[in-house]
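# Summary of the model geometry
The chain contents come next:
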Amino acid sequence: MRVSAPLLDYQNVSVYRGDTLALDGVSLRVAVGEHVAILGPNGCGKSTLIKTFTRECYPASGRGESSLRILGRQAWDVNELRRMLGIVTNDLVDQCTRGMSSDFAELPRRVTARDTVISGFFSSIGVWAHHDVTPAMRETADALLARLGVAHLADRLLTQMSSGEVRRVVIARALVHDPSSLVLDEPTNSLDLRAMRDLRGAVRTIAQSGLSVVMVTHHLADIIPEIARVILIKRGRVVDDGPKDALLTSARLTDLFEMPIEVVRRGDLYHAW
Ligand code: ADP
């Protein structure tokens, strides 16, 4: 399904985590097809923002008028919303690797790459006896594994893959419903240099195919050339939002991370020292 409403349209959204005001009056608008990186130091509210997409966190009432629309709608069935957004968090990667969901007391079960992708059709972790897996689902799963450059791993268990390979498989899982976006939470955490390069290459291909890539990160090098816009978050507030060449500067990032940072641009990529 393709829609013309903005992918994200947040007006004055505040979220408490316990007693902490984790998002403080966040307003942002992201169009379908637009690629953005959301950048900020640990604890600034990046994961909380993603949890508003997945409906694990809800806006606080009583902090002024606010609205949170995703693809033009305020009210969503959570599973439908997750399917439309194509969300890959590190929690999901862990659950897929362990073959076990944190939501259900399912028995641990180790799954192959193909089954992991197919499980996306059922919003489950792993494929279970009651799931009716069709040949079309298998074909889609294999095509998506190929798109992510891991077709050769289709029959391998996730527990026998590198972290970078697992992540690409879980990204393939997020694409089974042809979502409007791919939302990535710190996608290169704990990856080595080669795995980072391969993952960024795979995400570039997806960005070029017309889906919005919305990436939350604290690594400048994750900001692939296709991402033109960055949103800087500090202490739960959007402190800057604009073109990356204007915002990814030593002065702005020194201020954002509250430590001296030198930003170096090489070609279309940025690095921080
Ligand atoms: P980030 O992802 O940018 O590191 P988070 O969104 O995880 O930041 O956290 C934002 C703020 O909310 C931080 O101050 C953090 O300590 C707090 N926080 C996060 N999770 C919880 C929680 N479950 N209970 C209480 N405070 C939390």
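About the cut-offs
- Residues numbered from 1 in each chain as written.
- Predicted model: local features only at pLDDT ≥ 70, side-chain atom pairs only at ≥ 80, totals over all residues.
- Heavy atoms only, no water.
- Domains from an automatic or database assignment.
- Contact = heavy atoms within 4.5 Å.
- Salt bridge = Lys/Arg side-chain N within 4 Å of Asp/Glu carboxyl O.
- Phe/Tyr/Trp six-rings, centres within 6.5 Å; stacked < 30°, edge-to-face > 60°.
- Lys NZ or Arg CZ within 6 Å of the ring centre and 35° of its normal.
- 1 Å grid on protein atoms, 1.4 Å probe; cavity = no way out; pocket = protein on both sides within 12 Å on 5 of 7 lines; lining within 4 Å.
- Points joined across faces, edges and corners; volume = space filled by probe spheres on them.
- Helix = DSSP H or I, 4+ residues; strand = E, 2+ residues; numbered from the N terminus.
- Nonpolar A, V, L, I, M, F, W, Y, C, P; charged D, E, K, R; others polar.

With that out of the way, let us pick up the domain arrangement of the protein. The assigned domain composition of the protein is domain 1 (1–71 + 212–273) and domain 2 (80–179). Computed from C-alpha coordinates alone, the two centres of domain 1 and domain 2 are separated by 27 Å. Contact residues are listed per partner, giving 11 residues for domain 1 and 9 residues for domain 2. In this assembly, domain 1 and domain 2 are joined by 0 salt bridges.

Attention now moves to the packing of aromatic side chains. With the rule as written, the count across this model stands at 1 aromatic pair. Against the face of W76 rests R73, its NZ or CZ located 3.8 Å from the ring centre.

What follows covers empty space enclosed by the protein. A complete count under the given rule lists 1 cavity of 30 Å³ or more for this structure. In this structure, the largest cavity spans a volume of roughly 40 Å³. Lining the largest cavity are V88, T89, N90, V93, R167, I171, L184, D185, E186 and P187. At the level of elements, α3 (90–98), α6 (163–174) and β6 (181–185) are the ones that each hand at least two residues to the lining of the largest cavity. Of the residues that constitute the lining of the largest cavity, the class distribution is 5 nonpolar, 2 polar and 3 charged.

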